[in-house]
There are 2 protein chains.
Amino acid sequence: MTYSEENYIKVIYHLSLVSPKGINTNAIAGMIESKASSVTDMVKKLAEKELVDYQKYQGVTLTQKGLHAAKMIVRKHRLWEVFLVEKLDFTWDEVHDLAEELEHIKSEKLINRLDEFLGFPKEDPHGDPIPDRYGQMIKVEKQLLSEVGLNKKVMCLGVKDSSPSFLQYLDKHQISLGSEIEIINKEAFDMSLTILMNGKEILISNKIAGNLFVKVM
Amino acid sequence: MTYSEENYIKVIYHLSLVSPKGINTNAIAGMIESKASSVTDMVKKLAEKELVDYQKYQGVTLTQKGLHAAKMIVRKHRLWEVFLVEKLDFTWDEVHDLAEELEHIKSEKLINRLDEFLGFPKEDPHGDPIPDRYGQMIKVEKQLLSEVGLNKKVMCLGVKDSSPSFLQYLDKHQISLGSEIEIINKEAFDMSLTILMNGKEILISNKIAGNLFVKVM
DNA sequence: AATAATTTTTAGTTTTGTCTAAATTTATTT
DNA sequence: AAATAAATTTAGACAAAACTAAAAATTATT
Ligand SMILES: [Mn+2]
Ligand SMILES: [Mn+2]
Ligand SMILES: [Mn+2]
Ligand SMILES: [Mn+2]
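Residues numbered from 1 in each chain as written. Chains lettered and ligands numbered in written order. Predicted model: local features only at pLDDT ≥ 70, side-chain atom pairs only at ≥ 80, totals over all residues. Heavy atoms only, no water.

Looking now at the relation of the copies chain B and chain A. It takes a turn of 180° to lay chain B on chain A, together with a shift of 0.0 Å along the axis; the resulting RMSD is 0.1 Å. In short, the pair behaves as if placed about a two-fold rotation axis. No C-alpha of chain B approaches the rotation axis more nearly than that of Leu 102 of chain B, which lies at 4.0 Å. Comparing contact sets, 100% of the residues at the interface of chain B also lie at the interface in chain A, consistent with an isologous, same-surface contact. (Least-squares fit on C-alpha atoms with pLDDT ≥ 70 in both. Contact = heavy atoms within 4.5 Å.)

Structure below.
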C-alpha cells in the first residue's frame, strides 16, 4: 500500500464511523483536499486491490481487508501521538500533523514494540481509542457537551475536533481530559453555555460545546 | 525536499567521505539501485535547488547547503537507530531498514526532542558518529582490523558494513562493540586471521576483518 | 593520433497520482 | 413527467521519478 492509498483508506474509515452508508466521492475529496475526479481514480484502484467495494455512482464501503488496514493505520497514528506526548513532551495540539507522517512507517514489529513501550495505552491524547494489534478497541460511552441537559455534572473525555486552534482554546481555559464541568445555563438564542469549572464560571459557545465529548457523572 | 531527493543527497554524502573528488553518476546509481540515466536527471534537479554543484561529465559535489542537509538526514537515521535499539529492544541488525524510512520524517523539533530523550548519544549502534543539530560530530580514530599488525591488542569500535548478514555473523561469534581482540596469526595466502577473544581462538576471513573498525590499545 | 571501450547524457516511454473540462448519471424541483 | 441542479465519472493532460535505447563525451589502448 502506498502513502496515498493509506490516506484514502483512513479517510474512508473515519467517514464510515459517522455515516454507515456508502461513502461518496465528494466527502472523500473534501477530507483529503483533492478533487472528486482524483477520488474516482483512486477508488477504482482500491477496489482492484479489494480494499473497498465500489459501484459507480453508489459510493464506497471498506471490505473486511480494508477495514483492518484502516484500523492499523489509526493504531499507528494514535500510538505515535501517545509517544510524542508521553515521552517527548509534545503538547496535544502539536502531535497530529507529525502522526500523519509517522502513521505510514511500515513495520508491524515496530508498532507492536512501541505499544509495549508505552504500556499498551487504550486512548490517545485526544481521548480517541487505540486499536490493539487485532483491531479491537474500547468503546467508551460519551456524548457531546452541547447535548447534555442543564445542571448536569460531566467529565471531559475527548475532543471531536483535534485542530491546534481548538485544543489551544481548551488549554487557555484550562479544560483538559478529566476536567469536571457543571452546566449552569443554556442561552436559548445561540445555545451558548455557562459552565462551572473549578469554582469559576465560563461562557462557551455552542460550537465549542459541540466539539467536546463528555460523560455525565 | 522529497523522499527521493533526500536519498540521493545522503548517498552523495556517504560517497564523498570515501572519495573527496566529484562523485560520478555510476557510483550513485550503484548505491541507490537505479540507473545512470535516472541519476543524471535527479542530479540536475538537485543542482537546480543548489544542493549540489554539477558540471556535465564531471560528477557532483555537495554544496554547503547540501552537506548540511545530508548531515541532518544522517543525524535522523542514526538517532532513530539508537531509539530502536535502546528503547524498543531491537537488535543492531534489524534497525537499518527501519531507519531508512524514519529518516525522512520531517521535523527538526521531533528529532531534537528524540536526541534529548536518548541522552544526546554520540554514536549509533554500529559505532557511527551522530551529528548534533549543527552538524558537528565526534571523530574517533579507528582502523580496519585487516590493517592491524600481528600480536596487537585491539578493541572493536564499529562496522563498515552494517548489513544484517554481517552483523549476525558477529553476533554468532560474540563479537560486539567493546570486544577486545588479539591478533595471533595472519595467513599469508588468503590474509585470514586467527584472533584471540575471551580466551578463545577464532579464525576469521580477510573480508570479515576488512569490515570491522578497531582501535589499537 | 586514431581507435576502441567506458561513462555519461539525451530522447522518448512508463507509472503514479494529480488536475481541468466535458460528459454522464442521479437527485431535486417545478 | 420534464426540466434543472448536483454529484460523479470519463477523457485528456501534466509533473515526478523511474526506465530503455541511442547519442555524445571522456578515458584507455593500440
Ligand atoms: Mn491525530
Ligand atoms: Mn488523536
Ligand atoms: Mn543504518
Ligand atoms: Mn547505523
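Having seen the model, we can carry on.
DNA strand D sits among 21 residues. The nearest are Lys 44, Tyr 54 and Lys 56 of chain A together with Ser 38 and Lys 45 of chain B. Protein-adjacent atoms of DNA strand D, using a 4 Å cutoff, are sugar or phosphate at a proportion of 79%. At 3.2 Å, a side-chain N or O of Ser 4 of chain B approaches a phosphate oxygen of DNA strand D. Ser 37 of chain B has a polar side-chain atom sitting 3.0 Å from a base oxygen of DNA strand D. Looking at the surface near DNA strand D, the elements that each hand over two or more residues are α2 (25-32) and α3 (36-48) of chain A together with α1 (3-18) and α3 (36-48) of chain B. Among the elements that line the surface near DNA strand D, the one with the most residues is α3 of chain B, at five residues. Within the surface near DNA strand D, the residues separate by chemical class into six nonpolar, ten polar and five charged. (Near = heavy atom within 4 Å. Polar contact = N/O pair within 3.5 Å; in protein donor to acceptor, adjacent residues only side chain to side chain. Helix = DSSP H or I, 4+ residues; strand = E, 2+ residues; numbered from the N terminus. Nonpolar A, V, L, I, M, F, W, Y, C, P; charged D, E, K, R; others polar.)

Looking now at the coordination of the manganese ion (ligand 3). Residue and element names in this part refer to chain B. In the first shell of the manganese ion (ligand 3), the protein supplies His 77 (NE2), Glu 81 (OE) and His 96 (ND1), at 2.0 to 2.1 Å from the metal. Between consecutive donors of the manganese ion (ligand 3), the numbers of intervening residues give the motif H-x3-E-x14-H. Between the two metals, the manganese ion (ligand 3) and the manganese ion (ligand 4), the spacing is 3.3 Å, and Glu 81 donates to both. Separated by 19 residues along the polypeptide, His 77 in helix α4 (residues 64-86) and His 96 in helix α5 (residues 95-102) bring together distant segments of the chain. Residue His 77 is classed as buried on the basis of its relative accessible area of 7%. In this structure His 96 comes out as partly exposed when scored by relative accessible area, which is 28%. (Donors = N, O, S within 2.8 Å, 3.2 Å for Na, K, Ca; no water. Buried < 20%, exposed > 50% of the residue type's maximum accessible area, 1.4 Å probe, protein only.)

This part is about the UniProt feature "domain: HTH dtxR-type" (unreviewed entry) in chain A. The UniProt record annotates "domain: HTH dtxR-type" (unreviewed entry) at residues 1-63 of chain A. As a span, residues 1-63 of chain A carries 59% helix and 10% strand, and end to end its C-alpha atoms are 15 Å apart. (UniProt positions renumbered as here; feature names shortened; annotations may be inferred.)

What follows concerns the interface of chain B and chain A. Taken together, the 20 residues of chain B in the interface contact 20 residues of chain A. Here chain B meets chain A over a buried area of about 1700 Å², counting both sides, of which 71% is carbon and sulfur. Taken together, the connections running from chain B to chain A amount to two salt bridges. Glu 94 of chain B serves as the salt-bridge partner of Lys 109 of chain A, at 2.5 Å between the closest nitrogen and oxygen. Counting the contacts that link chain B with chain A gives eight residue pairs in polar contact (both at pLDDT 80 or more). When residues of the side of chain B that touches chain A are traced back to their parent elements, those giving at least two are α4, α5 and α6 (108-117) of chain B. (Buried area = accessible area lost by both parts, 1.4 Å probe. Salt bridge = Lys/Arg side-chain N within 4 Å of Asp/Glu carboxyl O.)

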